[in-house]
Amino acid sequence: MKKKLTIVLAMFTLFAFLTSTNAFAHEMYFTQSGSTITTIPLRWTPKNTSTGRLKVIINKQSLTGSWSTYYEDARTAWHSSAVPAEFTTTTTTPVPNTYMVTASQQYWDSMYPDGPFSETLGVTELYDTNSLAITSIATASASTKQLKGANIYLNPSPNSPSAFIYRFTMSHELGHVLALGHSHLPQYSPANTSTDPSIMSYDYFSLGQSYLPQNHEVNDVKKMYGY
Amino acid sequence: MKKYILLVCAALAVTVYSSIELSDTKSKAAEAPSVKSRIVETASGRLIRITDPRDLKDLVSHSTLIVKGKIIKTENVQEEIQLIEGTPERAAVDAQGGKSTRIRSGTNYTISVSDVIKGQPDNQEITVYISEDEISLRPELKIGDELIFNLAFNKTIGRYTDVHPSAGYLKVNADNKVKPMFDGTNEISSLENESYDEVKRKIRDIK
């Protein structure tokens with residue numbers, strides 16, 4: 001009897017371990033058919049050959065206004081976190097793989113014709129190893145799935161956002177650079193904002209608590225990249 | 001004696017003035033509820049901040065055109081946007097070796113206007129452009145639906161856009177009763193089941 005109980009307990013523990021691990025790792029692009037989620041795993045490839053950490057080298061020369069003011073906070077938030085990745089700033093050497101820019105007003109107005117009560121704050125484009133810009137499920141499917149770079153475009157004239165919104169927007173977009181997806185979607189293992197806070201979740205965003213990468217992001221990156 | 005009277009008068013004046021200032025501040029604070037905003041993001045990674053209107057006045061004042069009309073045509077459109085040389089976005093795309101065009105995806109809704117509440121449309125038929133958001137930000141809009149549309153003209157694309165993804169729409173049912181698509185403020189949601197004429201009067205009273 002005791003032996004049977006031990007086996008059942010061991011199996012339960014193994015099951016709990018496996019399912020809890022699988023609850024992490026929200027991919028950026030996925031398709032859904034009924035309750036079945038099929039992910040399109042994209043992976044950031046630049047790495048520091050010495051440390052093995054993912055390497056995000058940012059050119060921020062075209063950042064202006066408050067985006068520029070709060071950029072360093074967002075970058076440091078990732079660079080100083082336990083996520084196995086480094087986020088550094090450069091101009092030409094080493095060659096940047098990520099460009100953060102405040103877009104031109106004309107482009108923004110043409111691309112995102114929002115109304116007076118809504119505004120697009122930022123957009124991240126990922127680039128695969130063939131320089132294909134990944135902006136949709138279709139382009140993600142057609143890509144090599146191996147990422148060599150990213151561009152983050154930011155609103156040239158946001159309507160009086162707080163410092164928190166500037167920091168969170170950039171920090172959230174930097175999460176997308178590592179191909180992290182949203183963690184709040186009800187159909188895709190949503191993260192609980194109390195027990196599993198995540199800056200890739202809008203629900204957590206709306207609480208206004210922190211723009212720093214959380215354990216959720218650390219675990220996602222470790223699982224996705226095998227650290 | 002004169003000195004004391006003056007002092008008392010001065011003290012009274014200060015007290016009365018302060019109380020007027022305070023009561024004014026309080027009534028202003030009570031009239032202006034805090035603005036709610038939320039962040040959403042489309043499946044393709046576009047992060048959007050949506051601010052809700054404080055009240056009907058706020059919604060109306062941001063709308064340059066308010067009409068009652070019927071959707072008579074919908075058309076999914078994919079329009080190519082050229083990234084202009086010398087702009088930051090073009091430089092970033094060139095640095096990645098990417099294509100210098102982007103596709104703007106959305107839907108053109110043709111509205112047959114039956115009544116104008118605010119503003120002046122150029123034609124009896126107008127086009128409202130809605131960007132694709134992939135996350136159903138807006139109510140379902142079908143051919144044949146009749147609504148009050150709260151719109152703003154976007155000069156860059158040469159079409160109207162809605163002022164708010166849900167507050168911008170008030171459905172007008174077959175029995176001529178109004179159903180707001182937004183329940184974020186009591187004043188707007190309380191318009192539910194009011195007659196179209198009554199809602200039109202309230203909007204006109206504001207402007």
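Residues numbered from 1 in each chain as written. Chains lettered and ligands numbered in written order. Predicted model: local features only at pLDDT ≥ 70, side-chain atom pairs only at ≥ 80, totals over all residues. Heavy atoms only, no water.

Chain A is annotated in an unreviewed UniProt entry as Peptidase metallopeptidase domain-containing protein from Paenibacillus terricola.

> A description of the overall build of chain B should follow, citing residues and the corresponding values.
Summing up its helical and strand segments, chain B has five helices and nine strands in all. Counting from the amino terminus, helix and strand elements in chain B follow one another as α-β-β-α-β-α-β-β-β-β-β-β-α-α. Residue burial in chain B is summarised as follows: out of 207 residues, 45% are buried. Taking the contacts inside chain B whose residues are at least 6 apart along the sequence as the reference set, 59% of them involve residues at least 24 apart. (Helix = DSSP H or I, 4+ residues; strand = E, 2+ residues; numbered from the N terminus. Buried < 20%, exposed > 50% of the residue type's maximum accessible area, 1.4 Å probe, protein only. Contact = heavy atoms within 4.5 Å.)

> Report on the packing of aromatic side chains, specifying residues and quantitative values.
Under the criterion given, the structure shown has 10 aromatic pairs over all chains. Centre to centre, the rings of Tyr70 of chain A and Tyr166 of chain A are 5.6 Å apart; their planes meet at 20°, and the pair counts as stacked. Here Tyr70 of chain A, found in helix H2 (residues 65–79), pairs with Tyr166 of chain A, found in helix H5 (residues 163–177); they are 96 residues apart in sequence, far enough to count as distant. An identical accessibility class is assigned to Tyr70 of chain A and Tyr166 of chain A; each is buried. A network of ring pairs unites the aromatic residues Trp67, Tyr70 and Tyr166 of chain A as a single cluster. If you follow Arg43 of chain A out to its NZ or CZ, it ends over the ring of Tyr225 of chain A, 5.6 Å from the centre. We note Lys68 of chain B situated over the ring of Tyr196 of chain B; from NZ or CZ to the ring centre the distance is 4.3 Å. (Phe/Tyr/Trp six-rings, centres within 6.5 Å; stacked < 30°, edge-to-face > 60°. Lys NZ or Arg CZ within 6 Å of the ring centre and 35° of its normal.)

> Report on the environment of Ile143 of chain B, specifying residues and quantitative values.
All names here are of chain B. On the secondary structure map, Ile143 appears in the loop between strand E5 (125–131) and strand E6 (146–154). Separated by 50 residues in sequence, Ile143 and Asn193 place their C-alpha atoms 22 Å apart. Not counting chain neighbours up to four residues away, the residues in contact with Ile143 comprise Ile71, Ile72, Lys73 and Thr74.

> Outline the interface of chain B and chain A, supporting the account with residue identities and numerical values.
Facing 43 residues of chain B, the contacting portion of chain A comprises 49 residues. Both faces combined, the contact of chain B with chain A buries some 3,500 Å², and carbon together with sulfur accounts for 59% of it. Considering only the surface of chain B that becomes buried against chain A, Leu47, Arg49 and Gln96 of chain B emerge as the three largest contributors, covering 22% of it. Taken together, the connections running from chain B to chain A amount to three salt bridges. With its nearest N and O atoms 2.4 Å apart, the salt bridge here joins Arg102 of chain B to Glu125 of chain A. Linking chain B with chain A are 18 residue pairs in polar contact (both at pLDDT 80 or more), by the criterion used here. When contributions to the side of chain B that touches chain A are tallied by element, the ones reaching two or more residues are strand E1 (37–41), strand E2 (46–51), helix H2 (56–61), helix H3 (88–96), strand E4 (101–118), E5, E6 and strand E7 (159–162) of chain B. A per-class count over the side of chain B that touches chain A returns 20 nonpolar, 14 polar and nine charged. Pairing analysis gives five bridges linking strand E7 (residues 118–128) of chain A to E2 of chain B, with the strands arranged antiparallel. Note that in E2 of chain B the partner of Val123 of chain A across the bridge is Arg46 of chain B. (Buried area = accessible area lost by both parts, 1.4 Å probe. Salt bridge = Lys/Arg side-chain N within 4 Å of Asp/Glu carboxyl O. Polar contact = N/O pair within 3.5 Å; in protein donor to acceptor, adjacent residues only side chain to side chain. Nonpolar A, V, L, I, M, F, W, Y, C, P; charged D, E, K, R; others polar. Pairing = 2+ DSSP bridges.)

> Could you give me a rundown of the environment of Thr102 of chain A, with the residues and numbers involved?
Looking at where Thr102 of chain A falls in the secondary structure, it is placed in strand E6 (residues 98–102). Residue classification places Thr102 of chain A among the buried residues on the basis of a relative accessible area of 6%. Measuring from C-alpha to C-alpha, the distance between Thr102 of chain A and Ser141 of chain A comes to 28 Å, with 39 residues separating the pair along the chain. Apart from residues lying up to four places away in sequence, Thr102 of chain A is in contact with Ser62, Leu63, Thr64, Trp67, Leu154, Asn155 and Pro156 of chain A together with Pro88 of chain B. Within the structure, Thr102 of chain A has its side chain in polar contact with the backbone nitrogen of Thr64 of chain A (distance 2.8 Å).

> Describe the pattern of salt bridges, naming the residues involved and giving the relevant values.
All names here are of chain B. Summed over the entire model, instances satisfying the criterion amount to 17 salt bridges over all chains. Here Arg138 and Asp162 are joined by a salt bridge, their closest N and O atoms 2.5 Å apart. In this pair, Arg138 is assigned in the loop between E5 and E6 and Asp162 in strand E7, connecting sequence segments 24 residues apart. With a shortest N-O distance of 3.5 Å, Glu192 and Lys179 are connected by a salt bridge. Of this pair, Glu192 sits in the loop between helix H4 (186–189) and helix H5 (196–206) while Lys179 is found in strand E9 (residues 178–180), placing the two residues 13 residues apart along the sequence.

> An account of the confidence of the model for chain A is requested, with residue identities and associated values reported.
The pLDDT averaged across chain A works out to 89; a share of 89% of its residues lies at or above 70. Every residue in residues 14–23 of chain A is under pLDDT 50, and counting partners more than four places away or in other chains gives three contacts. (pLDDT = per-residue confidence, 0-100.)

> For the nonpolar core, give the residues involved together with the corresponding values.
All names here are of chain A. By size, the foremost hydrophobic cluster in this structure holds 49 residues, and its most contacted members are Leu42, Trp44, Met100, Leu174 and Leu178. Counting residues per element, the ones that place at least two in this core are strand E4 (54–59), H2, strand E5 (85–89), E7, strand E9 (146–154), H5, helix H6 (202–207) and helix H7 (215–225). Here the element with the most residues in this core is H5; it accounts for seven residues. When neighbours within four sequence positions are excluded, Leu42 is seen to be in contact with Glu27, Tyr29, Leu126, Ile134, Ala140, Ser143, Lys145, Leu147, Ala179, Met224 and Tyr225. (Core = buried A, V, L, I, M, F, W, Y, C linked by side-chain atoms within 4.5 Å.)

> Report on the pairing of E2 of chain B, specifying residues and quantitative values.
Residue and element names in this part refer to chain B. For E2, the tally of buried residues reaches five of six residues, placing the bulk of the element in the interior. Summarising the sheet, E1 and E2 pair through five bridges and their orientation is antiparallel. Bridging from a neighbouring strand, Ser37 pairs with Thr51 of E2. Between the end of E1 and the start of E2, which pair antiparallel, lie four residues, with Gly45 showing a positive phi angle near 85°.

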